[in-house]
Amino acid sequence: MPPVTPPAQFTVVLDAGHGGSDPGNLGTGRYKKTEKDISLDVTKLVGKYIEENYPEIKLIYTRKGDTFPTLHNRVEIANGANADLFISIHCNSAENKAAFGTESFVMGLHKTEESLKTAMRENASIFMEKDYEKTYNGFDPKDPDTYIILSMRENTYLDHSISLAKKVQDQFRTRAGRKDRGVKQAGHYVTSFTNMPAILVELGFLSNTEEEDYLHSEDGQTYMASAIYRALKEFMEKTNSKKDSKDNSVTIETPKKQEPKNENPILKNEPVKEPVKVTDSPIIWKEVDKGIKYQVQILSSPKPLDKKSSDFKGLEKVESYILSGVHKYLVGSTKSFKEAKKMQDYLRSMGFKDAFVVAFENGII
């Protein structure tokens with residue numbers, strides 16, 4: 001069976017965890033190599049399989065040697081490349097030396113204490129960076145409240161992240177014969193701030209002697225890398241995503257839904273208001289009845305906010321909708337991803353530091 005043809009200009013970022021002055025977890029101490037070395041070896045193998053089978057894919061590594069890109073750098077690399085997928089590869093560790101198996105993480109609020117500990121451990125790389133307090137603006141990997149704040153971030157691509165993570169876990173179980181510990185949500189920095197489907201993979205526990213031996217072996221690394229590659233291949237086969245040649249935006253195909261004319265599905269069928277004439281900012285309002293519509297999310301809140309609240313910094317036209325019990329606030333409306341990115345940059349300059357572009361197709365996010 002010939003390889004599936006990936007979407008035009010498809011970009012994948014491969015992120016080998018830790019590196020340089022940050023060794024990651026040390027395992028049992030029986031080997032000189034640590035987590036940073038295993039994660040890099042497997043990452044490069046995944047890249048090799050992609051390059052051999054899909055030379056048309058643009059492949060980006062956050063590191064290809066023993067260097068230490070910061071967590072912030074890794075996110076900047078992926079977002080700056082407008083990547084379609086982000087895969088971060090790590091090895092696990094636990095106080096319980098009997099713990100073993102593979103697991104994959106997507107962004108979201110940790111559901112268990114174990115997930116919280118994993119996120120705290122992987123995010124602790126921040127403390128090895130200079131001026132980390134300024135770079136991360138109060139993000140403290142040791143503070144559980146940090147992860148509650150993270151959980152409020154909306155990720156348009158969460159469903160696709162979960163889909164890819166499930167495929168990785170299926171391959172680990174069926175292809176490599178490893179224990180499947182499942183797909184979990186946790187506040188890893190690199191999956192929470194990347195603007196694309198993103199997963200963090202834990203290949204196994206270096207604190208378990210048997211699993212450590214496997215992950216140091218050539219066969220073990222080959223099987224794990226092959227499993228990740230096969231999951232990526234299956235993801236591309238079953239996910240109808242493509243690049244728009246005009247504005248370089250990602251279009252996620254969703255079931256068509258007929259909407260009444262002159263009604264705004266985001267506002268639960270309230271009549272569409274006349275577009276606001278904007279002369280001093282790039283915020284654009286256009287009536288978009290069908291197809292893809294891009295808006296910029298500026299805030300989210302567990303409780304409804306008064307539209308005259310100072311939180312909106314004087315913005316006069318703000319739309320809102322509710323998702324999973326959380327109120328989301330949007331501005332702008334355009335069919336052009338480039339215009340939406342300009343709006344995002346402008347809004348961030350206004351002080352909405354977490355503003356990001358969201359896409360709706362016929363009213364469906």
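Rules used throughout
- Residues numbered from 1 in each chain as written.
- Predicted model: local features only at pLDDT ≥ 70, side-chain atom pairs only at ≥ 80, totals over all residues.
- Heavy atoms only, no water.
- Helix = DSSP H or I, 4+ residues; strand = E, 2+ residues; numbered from the N terminus.
- Buried < 20%, exposed > 50% of the residue type's maximum accessible area, 1.4 Å probe, protein only.
- Contact = heavy atoms within 4.5 Å.
- Areas by Shrake-Rupley, 256 points an atom, 1.4 Å probe, with all protein chains shown as cover.
- Core = buried A, V, L, I, M, F, W, Y, C linked by side-chain atoms within 4.5 Å.
- Salt bridge = Lys/Arg side-chain N within 4 Å of Asp/Glu carboxyl O.
- Axes fitted to C-alpha atoms, helices over the stretch in contact; angles between N-to-C directions.
- Parallel < 35°, antiparallel > 145°, perpendicular 65-115°, else oblique.
- Left-handed = near helix turned anticlockwise from the far one by under 90°.
- Nonpolar A, V, L, I, M, F, W, Y, C, P; charged D, E, K, R; others polar.
- Expected span 1.5 Å × (residues − 1).
- Pairing = 2+ DSSP bridges.

1. Describing the overall build of the chain
Working step 1: The helix and strand tally for the chain stands at ten helices and 14 strands.
Working step 2: In the chain, which comprises 365 residues, the share counted as buried stands at 51%.
Working step 3: In the chain, of all internal contacts separated by at least 6 residues, the share reaching a separation of at least 24 is 77%.
Working step 4: When the accessible area of the chain is evaluated, it comes to approximately 17,700 Å², of which 50% is carbon and sulfur surface.

2. As for the nonpolar core
Working step 1: By size, the foremost hydrophobic cluster in this structure holds 38 residues, and its most contacted members are Ile50, Leu203 and Ile228.
Working step 2: Put simply, the parts of the chain that give this core at least two residues each are strand E1 (11–16), helix H1 (35–53), strand E2 (58–61), strand E3 (85–92), helix H6 (158–174), strand E6 (198–205), helix H8 (209–216) and helix H9 (218–238).
Working step 3: Take this core: its biggest share by element is nine residues, from H9.
Working step 4: Not counting residues within four places of it along the chain, the set of residues in contact with Leu203 comprises Ile38, Val42, Ile89, His90, Cys91, Thr102, Phe172, Leu215, Met224 and Ile228.

3. A word on the environment of Phe105
Working step 1: Residue placement: Phe105 occurs in strand E4 (residues 102–106).
Working step 2: The spacing of Phe105 and Val183 is 78 residues in sequence and 5.7 Å in space, taken between C-alpha atoms.

4. Some words on the pattern of salt bridges
Working step 1: Scanning the model with the defined rule gives eleven salt bridges in all.
Working step 2: Between Glu211 and Arg178 there is a salt bridge whose closest N-O contact spans 3.3 Å. With Glu211 in helix H8 and Arg178 in the loop between H6 and strand E5 (180–185), this residue pair connects regions lying 33 residues apart in the sequence.
Working step 3: By relative accessible area, Glu211 is classed as buried at 2%.
Working step 4: Relative accessible area serves as the criterion here: at 19%, Arg178 is assigned to the buried category.
Working step 5: Via salt bridges that share partners, Arg30, Glu212 and Asp213 belong to a single interconnected network.

5. Concerning the packing of H6 against H9
Working step 1: Put simply, H6 and H9 touch, their axes get as near as 8 Å, and they point 135 degrees apart. The pairing of H6 with H9 is recorded here as oblique in orientation. Crossing geometry of H6 relative to H9 is assigned as right-handed. Contacts from His160, Ser163, Leu164, Lys167, Val168, Gln171 and Phe172 of H6 reach H9 at Met224, Ala227, Ile228, Arg230, Ala231, Leu232, Glu234, Phe235 and Lys238.
Working step 2: Among the residues making up the contact of H6 with H9, the classes are represented as nine nonpolar, three polar and four charged.

6. A word on H6
Working step 1: End to end, H6 covers 24 Å across 17 residues, agreeing with the expected 24 Å (1.5 Å per residue, within 8%).
Working step 2: For H6, every residue scored as buried is listed here: His160, Ser161, Leu164, Ala165, Lys167, Val168, Gln169, Gln171 and Phe172.

7. Describing the pairing of E4
Working step 1: Within E4, five of the five residues are buried, which leaves it mostly tucked inside the rest of the structure.
Working step 2: Every second residue of E4 is oriented toward a common face, with Thr102, Ser104 and Val106 on one face and Glu103 and Phe105 on the other, all of them buried.
Working step 3: With four bridges connecting them, E4 and E5 associate as parallel partners. By the bridge assignment, Ser104 is partnered in E5 with Val183.

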